[in-house]
Amino acid sequence: MNTNELKTLCQLCGTSGREQAVRDYIVKELLALGLAPQVDRLGNILVRKQGAAPANHKLLFSAHMDEVALMVTDITEDGSLKFDMVGGVSAAAVIGRQVLVGQQKIPGVIGTKPIHHLSSEEKNQSVRMSALHVDIGAASKADAQTHVRRGDVIYFLPEYRTFGDGCIAAKALDDRFGCALLLSLIRQDLPYDTDFAFVVQEEVGLRGAGVAANTAAPEFAVVIEATTAADVAGCKGTDAVCQLGNGAVISFMDGRTIYDAELYQKAADTAQQ
């Protein structure tokens, strides 16, 4: 995989329903390879790469383009922004995070009530998204409204850093890593004709994947996705199901799907080999 391309993809901003920047980059790369990508009405990219021979079974590789983000829901009298999540975002994980707001990419920071002003009861409660706000340095509601409006997307600051032994810290690794991997695969000489889908709106309910699967109608699909590493403090024993550096993760079930047993076994056997 081209890590420079991964960096480029992670630094692009594109949440669910707002994937244009990511889609434009991928389409440009596919066209440069002489391919003919198709963009459906929902915004998915579908493309076929000819291989050395026709495939006996239609195979689809898929990755999603969107990332988790936040969206402005209100502007308070003091110029602070209230927001809600786009995708699965933990309130506890965003406090103090630097962000970019709206089309103008206004810099801001996520804050909450200072700890020294919390009551004993509040200190023992989990933080709620409704208790957080974004400070963009506005002096008043009228001041903030000259730059921001309800419905504007709030993106986490697109920093990309390498650290440790081959580790990466960045926003949107879920699932720009999958997009970069698919592009890397497409650039290779393939043994068989293969279909690829770069899909939208995964973070809000797998909406793009359903449409792409209906259009491509594959016999088999391989979804390239990022997952949660569990080699962190507090995760031990059976909780540490995934560990950074120990290779790819092959899922056999998740919260909404039981994966085909034969395909799972085939993937596990291939990885073992």
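Just above sits the structure.
An account of the accompanying structure is given in this report. (Residues numbered from 1 in each chain as written. Predicted model: local features only at pLDDT ≥ 70, side-chain atom pairs only at ≥ 80, totals over all residues. Heavy atoms only, no water.)

Let's talk about the packing of helix H1 (residues 3-11) against helix H2 (residues 20-32)
In a packed pair of helices, the relevant descriptors are the angle between the two axes and the axis-to-axis distance.
Turning to step 1, where the next piece is worked out: With their axes 9 Å apart at the nearest point, H1 and H2 run at an angle of 150° to one another. Looking at the two axes, H1 sits roughly antiparallel to H2. Note on packing geometry: the crossing formed by H1 with H2 is right-handed. The segment H1 lies against H2, with Glu5, Thr8 and Leu9 engaging Val22, Tyr25, Ile26 and Glu29.
Turning to step 2, where the next piece is worked out: Taken together, the residues of the contact of H1 with H2 break down into 4 nonpolar, 1 polar and 2 charged. (Axes fitted to C-alpha atoms, helices over the stretch in contact; angles between N-to-C directions. Helix = DSSP H or I, 4+ residues; strand = E, 2+ residues; numbered from the N terminus. Parallel < 35°, antiparallel > 145°, perpendicular 65-115°, else oblique. Left-handed = near helix turned anticlockwise from the far one by under 90°. Contact = heavy atoms within 4.5 Å. Nonpolar A, V, L, I, M, F, W, Y, C, P; charged D, E, K, R; others polar.)

Some details on the nonpolar core
Turning to step 1, where the next piece is worked out: By size, the foremost hydrophobic cluster in this structure holds 25 residues, and its most contacted members are Leu9, Ile26, Leu30, Met65 and Phe198.
Turning to step 2, where the next piece is worked out: Elements with a minimum of two residues in this core: H1, H2, strand E2 (45-49), strand E3 (59-64), helix H6 (173-186) and strand E12 (194-199).
Turning to step 3, where the next piece is worked out: Those residues in contact with leucine 9, other than ones at most four positions away along the chain, are Val22, Tyr25, Ile26, Arg176, Cys179, Ala180 and Leu183.
Turning to step 4, where the next piece is worked out: In terms of nonpolar packing, the next biggest core, distinct from the first, is built from 21 residues, Leu70, Val101, Met129 and Ile136 among them. (Core = buried A, V, L, I, M, F, W, Y, C linked by side-chain atoms within 4.5 Å. Buried < 20%, exposed > 50% of the residue type's maximum accessible area, 1.4 Å probe, protein only.)

Some thoughts on the side chain of lysine 171
Turning to step 1, where the next piece is worked out: Along the chain, the position of lysine 171 falls in the loop between strand E11 (167-170) and H6.
Turning to step 2, where the next piece is worked out: In this structure the side chain of lysine 171 is engaged in a polar contact, spanning 2.6 Å, whose partner is the backbone oxygen of leucine 12.
Turning to step 3, where the next piece is worked out: Here the side chain of lysine 171 touches glutamate 67 through a polar contact of 3.0 Å, side chain to side chain.
Turning to step 4, where the next piece is worked out: If sequence neighbours within four positions are ignored, lysine 171 has contacts with Cys10, Gln11, Leu12, Cys13, Glu67, Phe156, Leu157, Pro158, Glu159 and Arg176. (Polar contact = N/O pair within 3.5 Å; in protein donor to acceptor, adjacent residues only side chain to side chain.)

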